[in-house]
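# Examining the three-dimensional arrangement
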Amino acid sequence: MPAISTNDLKNGITLEIDKVLYQVVEFQHVKPGKGGAFVRSKLRNLRNGAVIDKTFNAGVRVEQALLEKKDMQFLYRDSDTYVFMDQETYDQENVAPSALGDAADYMVENSVAQIAYYNGEIIKVCLLYTSDA
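First, a word on scope: everything that follows refers to the structure included in this document. (Residues numbered from 1 in each chain as written. Predicted model: local features only at pLDDT ≥ 70, side-chain atom pairs only at ≥ 80, totals over all residues. Heavy atoms only, no water.)

### Examining the overall build of the protein chain
- The helix and strand tally for the protein chain stands at one helix and eleven strands.
- Going from the N terminus to the C terminus, the protein chain shows its helices and strands as β-β-β-β-β-β-β-β-β-α-β-β.
- Against the globule reference of 14 Å for 133 residues, the protein chain gives a C-alpha radius of gyration of 18 Å, more extended than a compact globule.
- With respect to the principal axes defined by its C-alpha atoms, the protein chain has extents near 60 × 25 × 25 Å.
- Across the protein chain, the fraction of contacts at a sequence separation of at least 24, relative to all contacts at a separation of at least 6, is 41%.
- Accessible surface for the protein chain amounts to roughly 8,200 Å². Of this, 44% is attributable to carbon and sulfur atoms.
- Between the mean site of the 14 positive side-chain charges and the mean site of the 19 negative ones, the protein chain shows a separation of 15 Å. (Helix = DSSP H or I, 4+ residues; strand = E, 2+ residues; numbered from the N terminus. Rg over C-alpha atoms; globule rule 2.2 N^0.38 Å. Contact = heavy atoms within 4.5 Å. Areas by Shrake-Rupley, 256 points an atom, 1.4 Å probe, with all protein chains shown as cover. Lys, Arg positive; Asp, Glu negative; His and termini not counted. Charge placed at Lys NZ, Arg CZ, Asp CG, Glu CD.)

In structure tokens form, the structure reads like this:
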């Protein structure tokens, strides 16, 4: 996993801090008149959606989590899972409703979603578009 400086933070970057995945929602570099510079940030926990405020000293290195992202087509809802199909390999995958979060309310058949994986585990599902056909 690559380590990046807190000076290189950008919105949307995924970080692993204390074995928890966070996505940078907002950040601000602060250079006070006295003392060292620091970075004030808001981080969203990717597993439970909670947002925390965290302050880093400027230049501190943090672990960046690299997510694998795939566009997958939503096929249908099974009794307790959602079934998606990889548009390249045609493999089907069952996704738990908890991984979908709010996207579950907007899923319609044939819609396309981007599924983010980290170490083989589904972390996040984002609805990209719905098909009119």
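### Focus: the nonpolar core
- Ranked by internal contacts, the top residues of the largest apolar core, which has 15 residues, are Phe84, Val95, Leu100, Met107, Ile115 and Val125.
- Elements represented by at least two residues in this core include exactly β7 (68–77), β8 (82–86), α1 (97–100), β10 (112–118) and β11 (121–129).
- Sorting elements by how many residues they give to this core places β10 first, with three residues. (Core = buried A, V, L, I, M, F, W, Y, C linked by side-chain atoms within 4.5 Å. Buried < 20%, exposed > 50% of the residue type's maximum accessible area, 1.4 Å probe, protein only.)

### Digging into the packing of aromatic side chains
- Overall, the coordinates contain two aromatic pairs when judged by the stated rule.
- Note on Phe74 and Tyr82: the rings are 5.6 Å apart at their centroids and 45° apart in plane angle, and the pair reads as tilted.
- Overall, the relative accessible area of 4% leaves Phe74 in the buried class.
- Look at Phe74 and Phe84: their rings are 5.4 Å apart centre to centre, the planes differ by 55°, and that puts the pair in the tilted class. Linking Phe74 in strand β7 with Phe84 in strand β8, this pair joins segments that are ten residues apart in sequence. (Phe/Tyr/Trp six-rings, centres within 6.5 Å; stacked < 30°, edge-to-face > 60°.)

### Details of the pairing of β11
- With seven bridges joining them, β10 and β11 adopt antiparallel strand pairing. Across the sheet, residue Gln114 finds its bridge partner in β11, namely Cys126.
- Taking the residues that link successive antiparallel strands as the turn, the β10-β11 hairpin has two residues, and the phi of Asn119 there is positive, at about 55°. (Pairing = 2+ DSSP bridges.)

### Observations regarding the environment of Phe74
- Here the alpha-carbon distance between Phe74 and Gln28, two residues 46 residues apart in the chain, equals 37 Å.
- Those residues in contact with Phe74 that sit more than four places away from it in its chain are Tyr82, Val83, Phe84, Met107, Val108, Glu109, Asn110 and Ser111.

### Things to note about the sheet that holds strand β5 (residues 51–57)
- Pairing is antiparallel across the open sheet formed by six strands, whose spatial order is β1-β6-β2-β3-β4-β5. For this open sheet the edge positions go to β1 (3–5) and β5, each flanked by a neighbour on one side alone. On average, each strand axis in the sheet is inclined to that of its neighbour by 50°, with strand direction left out of account. (Axes fitted to C-alpha atoms, helices over the stretch in contact; angles between N-to-C directions.)

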